[in-house]
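Chain and residue survey
For reference, the chains in residue letters:
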Amino acid sequence: MQFIVRPYVCGGLGRIDSALVGKLSSAGPRVRPALQTAEAALFSSAPLPPYQRSGEAFAFSWGERRPPAARSERAADWMGVAETYETPGLIGDGPRTTLHTGALGLVDVYYVRIGEAVYFSSLIQPLMALVPLEIDWSAWASILRVTFPLGEATPYREIKRLPGSSALVWDGERLSTERRLPRWLRSEPYETWVGAGEIVELLHDVYKDYDGRKLLVPISGGYDSRLLGSVAKARGFDVESWTTSPDDGTDTDIAFARAITGELGIPHRVITQDAASYPDDAAEVARRLEYLTPHHAWYAPFAKEVHTSGRILVDGLAGGPLLKNFMVSGAALEATSQAERSAAVLGSLSLGAPSQPFLSEAAEAWIDETVREQFAAATSMLHGHRAELPLSVLHTRTVRGIARSAVNLVGPEASFAAPFIHPDFFDAALSVGVARKDKGRFYREVLHAADPRVAALPSTNVIKQPLRRVALRSTAAPARDYSHRMLRVVATRVPGLLSDELHALVADGPDALTRFNGWNDRFWVRGLVLFGLWLSDFENDLDDLSAPF
């Protein structure tokens, strides 16, 4: 990983120990000091000037979008910076120093607390030099059940992730955590009957921030990418489109993308993938994403090509939840109580039942209960909100799982744009009621307003039957061998996690995995394989794997 468009940072806050700061700053990528005081330290892999400095006041940020330099006697308000630029930062104003995240928390801030100080980093790995490594079973419960951690959890008990719209504050005497409601929760976006044409106009306005830049819009067969491609072409950008297989066994995305880019007149390229390289891609992505999600192995060859493209990648992040009720089920829409609504959303986010039991009865019962509690805590501030359903998806799956492809695989080497989370577009899209968005109706109106001919082309959001079947990389012989090795690690190190049926299957060898071709089966395998890789990589560092089930 090379920190090119976004720097790696680390540091400390509070009654910091200079020896621990030194240990942290030498444990990760090479850094230089950006700030050093008795109670705050900040190091960066690239020059990081403050955007505000006056007397004792200072303000730094390290997201890709940052506030312009300003002279002011008063420190910046961290929440305003977090909402406008979706960037973490460090702000000092006299005795008060604040380490904050972005409003959604897309750019990671990890930390450990030791005594009366916190030590933070853009990556988990450097913090591992400061604390003993202990497994956080609750994090692995959610990674296995919903494919991403919930709340502050990481695979390590002592290392936490600071959530969006949150800050750690040192006031000269003590450390505290400050959590604020982001803009879309402070002021509930009631229905103003924003029309499809107005949504398209807002997207045109968002694109003005990239005028004169070369763009790469990775068009698939769905709605989000064709909307972004349509507007980019309409605005006259120098734009290319690339597509790769999502390894879904159909490659319908590639066929549909050719039709869409042909209609738009955008140069199109297909990034090919090799089944033999799947194990290396899967392990590389897992390590780069620090074992937080089993998603995105298929994206590895694509991301590497983007790094050398010289173009800004335009990502459709958050488009599905904002514009078409993605992962919002009929049960959630029809729920008559908060408990029913939360259960329905969690049900949509969770993996479905596999074709045979993967987990032991004790493990499955404990994981289900733990994940329910974590999900309730992670979404409690959304309860009763008019847009609770899409926001529940955005604040969990989008931020902790799906965003990792753009933030941590394309970035920090290459720039990406996420037009759908621009404040003006986000607020307008969120104001559209979930009933109007049901079954993609509103989104189809938006697509028609952007380009009727492109809107009329087939979409994977509508057509579910495959045009043809293609071999899955993730179930080919090289992948089966790799997956079997990792499953054996799990079966050996944590036997109580797996069902008797899965133990028997692992004993039968790699080819026994050929029976797992269904969607749910594949993701259960991927989650357990991720866990096996983590156990294998940290075999000499994890002494106690005693499970709570």
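Read on for an overview of the structure. (Residues numbered from 1 in each chain as written. Predicted model: local features only at pLDDT ≥ 70, side-chain atom pairs only at ≥ 80, totals over all residues. Heavy atoms only, no water.)

A short note on the overall build of the chain
Looking only at helices and strands, the chain has 22 helices and 17 strands in total. For the chain, the spread of C-alpha atoms along the three principal axes comes to 65 × 55 × 50 Å. Residues classed as buried in the chain amount to 58% of the 549 residues present. For the chain, restricting intrachain contacts to residue pairs at least 6 apart in sequence, the fraction spanning at least 24 positions comes to 74%. For the chain, the exposed area adds up to about 21600 Å²; of that, 49% sits on carbon and sulfur atoms. Distance between charge centroids for the chain: 4 Å, based on 57 positive and 65 negative side chains. (Helix = DSSP H or I, 4+ residues; strand = E, 2+ residues; numbered from the N terminus. Buried < 20%, exposed > 50% of the residue type's maximum accessible area, 1.4 Å probe, protein only. Contact = heavy atoms within 4.5 Å. Areas by Shrake-Rupley, 256 points an atom, 1.4 Å probe, with all protein chains shown as cover. Lys, Arg positive; Asp, Glu negative; His and termini not counted. Charge placed at Lys NZ, Arg CZ, Asp CG, Glu CD.)

Some words on the sheet that holds strand β9 (residues 117-121)
Strand order in the open sheet formed by six strands is β2-β3-β1-β9-β8-β10, with antiparallel pairing between adjacent strands. Either end of the sheet is taken by a strand with one partner, and the two such strands are β2 (32-36) and β10 (160-161). As defined by bridge partners, strand β8 (residues 110-114) adjoins β9 across five bridges and the pair is classed as antiparallel. Across the sheet, Tyr 110 pairs through a bridge with Ser 121, a residue of β9. Relative to the sheet, helix α1 (residues 18-25) contacts β1 (9-14), β3 (40-44), β8 and β9, its axis offset from that of β9 by approximately 10°. (Pairing = 2+ DSSP bridges. Axes fitted to C-alpha atoms, helices over the stretch in contact; angles between N-to-C directions.)

As for the nonpolar core
In summary, soluble globular proteins display a tendency toward joint burial of nonpolar side chains. Of all hydrophobic cores here, the largest spans 83 residues; its most connected members are Tyr 119, Leu 497, Phe 531 and Trp 534. Broken down by element, this core gets its largest block of residues, ten residues, from helix α22 (residues 519-537). Once residues lying within four places of it in the same chain are set aside, the contact partners of Trp 534 are Ile 135, Trp 140, Pro 155, Tyr 156, Tyr 291 and Leu 542. (Core = buried A, V, L, I, M, F, W, Y, C linked by side-chain atoms within 4.5 Å.)

Brief notes about the sheet that holds strand β16 (residues 312-314)
Strand order in the open sheet made by the five strands is β15-β14-β13-β16-β17, with parallel pairing throughout. The open sheet has two edge strands, β15 (268-271) and β17 (416-417), and neither has a second partner. As paired strands, strand β13 (residues 215-216) and strand β14 (residues 239-244) are joined by two bridges and run parallel to one another. Directly across from Leu 215, in β14, lies its bridge partner Val 239.

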